[in-house]
Amino acid sequence: MQDDTLRRSGAFCVAKDRKVSGTLSLAGVDTSLDLFDGEPFDIERFSGTAITGVLDDLTKVSLIRYFVTSWSLTAGSGGTVHKRRIAPHYVVIGEQHFSLEGCDVHEISFTFDDAKVLFLDRLSVLRISSICSGVSVYRDQKGDIFAKIRFDGTVGIVEAVSRMNRVLQFFELMVGRIQNVLEINIYPQSGPDSSTPGPGARLHISMEPRRGCTQEKYKPGFTNILIDPVRDSKAFSRVLKAWLARDKEWRTARERLSSDWGKRGYDHDRIIRAANGFELLPKKVLGKDEALPQEVKKAVDEAKQIFCGLPKDNVYRERLFNAVGNATERRPLKKKIHHRAERIIDKIGDLIPQIGLVIDEAVKCRNRYVHGNGDKSRSFDSRVVFLTNTLEFIFFASDLVDAEWDIAGWCQKPHSYGHPLADYLHLYRAGFNDFERKR
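What you see is a predicted model, and the numbers here were worked out from it, not measured in a lab.

A. Representation of the pattern of salt bridges. Tallied over the entire structure, the rule returns 25 salt bridges. A salt bridge links Asp434 to Arg437; the nearest nitrogen and oxygen atoms lie 3.2 Å apart. Note that Asp434 and Arg437 are positioned in helix α12 (residues 420-438) at a spacing of three residues, about one turn of the helix. We classify Asp434 as partly exposed; its relative accessible area is 24%. Residue Arg437 is classed as exposed on the basis of its relative accessible area, which comes to 62%. Connected through salt bridges with shared partners, the residues Glu159, Arg163, Arg166, Arg246, Asp247, Arg251, Arg254 and Asp399 form a single ionic network.

B. Summary view of the pairing of strand β4 (residues 50-55). Strand direction decides the pairing type here: strand β1 (residues 6-15) and β4, joined by four bridges, are antiparallel. Pairing of Cys13 across the sheet is with Thr52, part of β4. Linking β4 to strand β5 (residues 60-76), which pair antiparallel, is a turn of four residues; within it Leu58 sits at a positive phi near 75°.

C. Highlighting the packing of helix α10 (residues 384-402) against α12. Put simply, α10 and α12 touch, their axes get as near as 10 Å, and they point 140° apart. Overall, the two elements α10 and α12 adopt an arrangement that is oblique. Between α10 and α12 lies a crossing of left-handed hand. For the pair formed by α10 and α12, the contact residues are Phe386, Leu387, Asn389, Thr390 and Phe393 on the first element and Leu421, Tyr424, Leu425, Tyr428, Gly431, Phe432 and Phe435 on the second.

D. Just helix α8 (residues 333-348), in detail. Its 16 residues place the ends of α8 23 Å apart at the C-alpha level, agreeing with the 22 Å of an ideal helix rising 1.5 Å per residue. Within α8, the full set of buried residues consists of Leu333, Lys336, Ile337, Arg340, Ala341, Ile344 and Ile348. Elements in contact with the buried residues of α8: α4 (247-258), α5 (268-279), α9 (355-371), α10, α11 (407-411) and α12.

E. Quick peek at the nonpolar core. If you look at the biggest cluster of nonpolar residues, it comprises 94 residues, and the most contacted ones within it are Phe110, Phe171, Met174 and Trp405. Excluding residues that lie within four positions of it along the chain, Trp405 makes contacts with Leu226, Ile227, Val239, Ala397, Leu400, Trp410 and Leu421. Judged by nonpolar contacts, the second largest core, of 18 residues, contains Leu35, Phe41, Ile43 and Val68.

How each quantity is defined
- Residues numbered from 1 in each chain as written.
- Predicted model: local features only at pLDDT ≥ 70, side-chain atom pairs only at ≥ 80, totals over all residues.
- Heavy atoms only, no water.
- Salt bridge = Lys/Arg side-chain N within 4 Å of Asp/Glu carboxyl O.
- Helix = DSSP H or I, 4+ residues; strand = E, 2+ residues; numbered from the N terminus.
- Buried < 20%, exposed > 50% of the residue type's maximum accessible area, 1.4 Å probe, protein only.
- Pairing = 2+ DSSP bridges.
- Axes fitted to C-alpha atoms, helices over the stretch in contact; angles between N-to-C directions.
- Parallel < 35°, antiparallel > 145°, perpendicular 65-115°, else oblique.
- Left-handed = near helix turned anticlockwise from the far one by under 90°.
- Contact = heavy atoms within 4.5 Å.
- Expected span 1.5 Å × (residues − 1).
- Core = buried A, V, L, I, M, F, W, Y, C linked by side-chain atoms within 4.5 Å.

In structure tokens, the structure reads:
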């Protein structure tokens, strides 16, 4: 969340029938609640429940997933003051209280850095069918553009934010960089049998990750958006729906890579994350298993029998089993990445000639950084940016192609620099030529 520091006073319930005064400071990661009273009071140091209160303007506030950061006791001319400071993960301000356990949210809406770049001022009313009850886009009275997700029934705050982040991740792919969420509103169901949401409440997330201003080279432009949600709303809707439908199986792998999306910084860990993302994909999208030669299978079985004879507390026993398992992996990492690349090569292979050589070298680089194996006189450091970009391009582009993104049609349009996928294609031949010289 992107909030200027804002202080609000009120009365807060710290236990049943026990209220104390407090000051809430909304300040991003430094958001806190200072509680104070002339009489002793206590709250659990760590709690999954919510502290609720009423602010001076009579709006209701809920602090969810909090922990106590400090306690103090001061004495002065006015008497003794007992203090506690709370750091909440979620703060909700509105016309009703919310809890961690309750399924209170029927809709969630949010705006983000590049909402106007993605949906621009040529915005028309856009409704997208999805696994959530529906996603729509609207402009508020200030002219800001929001995406809204309506759920089937109601969900809890944590689940609502999780689903919001899944949709946001897709928008990030469309514009090409990580987004700051600027405002979030949640809407309860107006009644148990009503499909109409009740009055909205503002949701502040104190620990929401933010993108630093130095994390990308270029600001995104509408010419580089992968799918225009206004001029090509049907394709946008179709791809979003298919992309979200695979979220449960793909989420861990996507999250592994998305934290680096569009950043300028490269290190050994980034290429490891990029390669390992393919290991986390469901098997059905990674090609067929390789059949082990009969003599290898026989040798493996004999080796395992020997390992079984070692005492179970022998530190080498598990290592030996793991080593044999890794050596005889029937779907090696290199094969998995090649299989994912095939769907891209089929569409735009002329733009990325001999990318298979780059994949092989990227896996060797990853293995060197993970295991320290291979030719130790060989340095990958001068090529790690190109190799990392190759793995990330294959992962994200093949994911979208699986969701029926027309990558060939997109490539036929003119693009400037500013989207990682466009940048990779712009610079591929220069990167490959440099890669060949250094191999």
